Amino acid sequence: MDAKTKKIIIATTGVIAAGTILYFVLRKKTDNSGGECDPTGNGQNCIQVNPSVVADSLYNAMKESGTDEEAILLALKNVNAIMFDQVIKEFGKQSYNKYLGNQINLTPWDPLPLEPLPVWLKSELTTSEYNKLKLKYPQLT
């Protein structure tokens, strides 16, 4: 290899390296921070939650005697505070016996009161579990 070919190879390699560096420096970067599901940009996975499905899961976990606390916590796992408002709306008001913690009506001539989701959760969960939910969802009192 003569000196002229050597200079051409070195120059070509330098141009390719400089072009590669410029490409990575100047290319448009994709913004992966924040977004609809993760406005904080802290890298949490974006999981879409259907408020109607969550409300149904909560109702099914609490409607009978003997609450399934794990099912409640699992249903609310990926629900943020804004979505929780939608879950409350979807849950609506359901017939509920606050004293027995279910839908058993001991006086059939007197209908059970219709109660919203926060009332159900407060009655069905232990105090510590409910307090944990209050930290996540300020709508709970």
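Residues numbered from 1 in each chain as written. Predicted model: local features only at pLDDT ≥ 70, side-chain atom pairs only at ≥ 80, totals over all residues. Heavy atoms only, no water.

Naming follows an unreviewed UniProt entry, where the protein chain appears as Annexin of Flavobacterium rakeshii.

Novice: Sorry if this is basic, but what is going on with helix 5 (residues 117-124) here?
Specialist: Residues lying three or four places apart along an α-helix face the same way, a consequence of the helix completing one turn every 3.6 residues. Looking only at helix 5, the buried set comprises L117, P118, W120, L121 and E124. An end-on view of helix 5 places all buried positions within 160° of arc, on one side of the element. (Buried < 20%, exposed > 50% of the residue type's maximum accessible area, 1.4 Å probe, protein only. Helix = DSSP H or I, 4+ residues; strand = E, 2+ residues; numbered from the N terminus. Arc of directions from axis to C-beta.)

Novice: Help me out: how do you make sense of the nonpolar core in this one?
Specialist: Most often, soluble globular proteins have nonpolar side chains that are buried together. Core analysis: the largest hydrophobic core is formed by 24 residues, its most contacted members being L58, L76, V79, F84, L117 and L121. For this core, the elements supplying multiple residues, two or more each, are helix 2 (51-62), helix 3 (69-76), helix 4 (81-91), helix 5 and helix 6 (127-136). Discounting residues that sit within four places of it in the chain, F84 has contacts with L76, V79, L117, L121, Y137, Q139 and L140. (Core = buried A, V, L, I, M, F, W, Y, C linked by side-chain atoms within 4.5 Å. Contact = heavy atoms within 4.5 Å.)

Novice: Looking at this model, I keep getting lost on the packing of helix 2 against helix 5. Mind explaining?
Specialist: Two packed helices can be described by the angle between their axes and the distance between those axes. It is at 11 Å that the axes of helix 2 and helix 5 come closest, and there the two elements cross at 40°. Relative to helix 5, helix 2 is oriented oblique. Two packed elements cross with a definite hand, and for helix 2 against helix 5 that hand is left-handed. Counted together, L58, Y59 and M62 of helix 2 and L117, W120, L121 and E124 of helix 5 form the full contact between these two elements. (Axes fitted to C-alpha atoms, helices over the stretch in contact; angles between N-to-C directions. Parallel < 35°, antiparallel > 145°, perpendicular 65-115°, else oblique. Left-handed = near helix turned anticlockwise from the far one by under 90°.)

Novice: Help me understand the side chain of E129, please; the structure alone is not making it clear to me.
Specialist: Of note, E129 is situated in helix 6. No salt bridge forms around the buried E129; measuring N to O, its nearest opposite-charge neighbour K132 is 6.7 Å away. With residues near it in sequence (within four places) discarded, E129 still touches E69 and L73. (Lys, Arg positive; Asp, Glu negative; His and termini not counted. Salt bridge = Lys/Arg side-chain N within 4 Å of Asp/Glu carboxyl O.)

Novice: Please clarify how a nonpolar patch on the surface should be interpreted in this entry.
Specialist: Together, I21, L22, V25 and L26 make up an exposed nonpolar region whose accessible area comes to about 420 Å². The topology assignment puts L26 in helix 1 (residues 3-26). A relative accessible area of 64% means that L26 is categorised as exposed. (Patch = residues over 30% accessible without salt bridge, like charges linked within 9 Å, V, L, I, M, F, W, Y side chains within 5 Å. Areas by Shrake-Rupley, 256 points an atom, 1.4 Å probe, with all protein chains shown as cover.)

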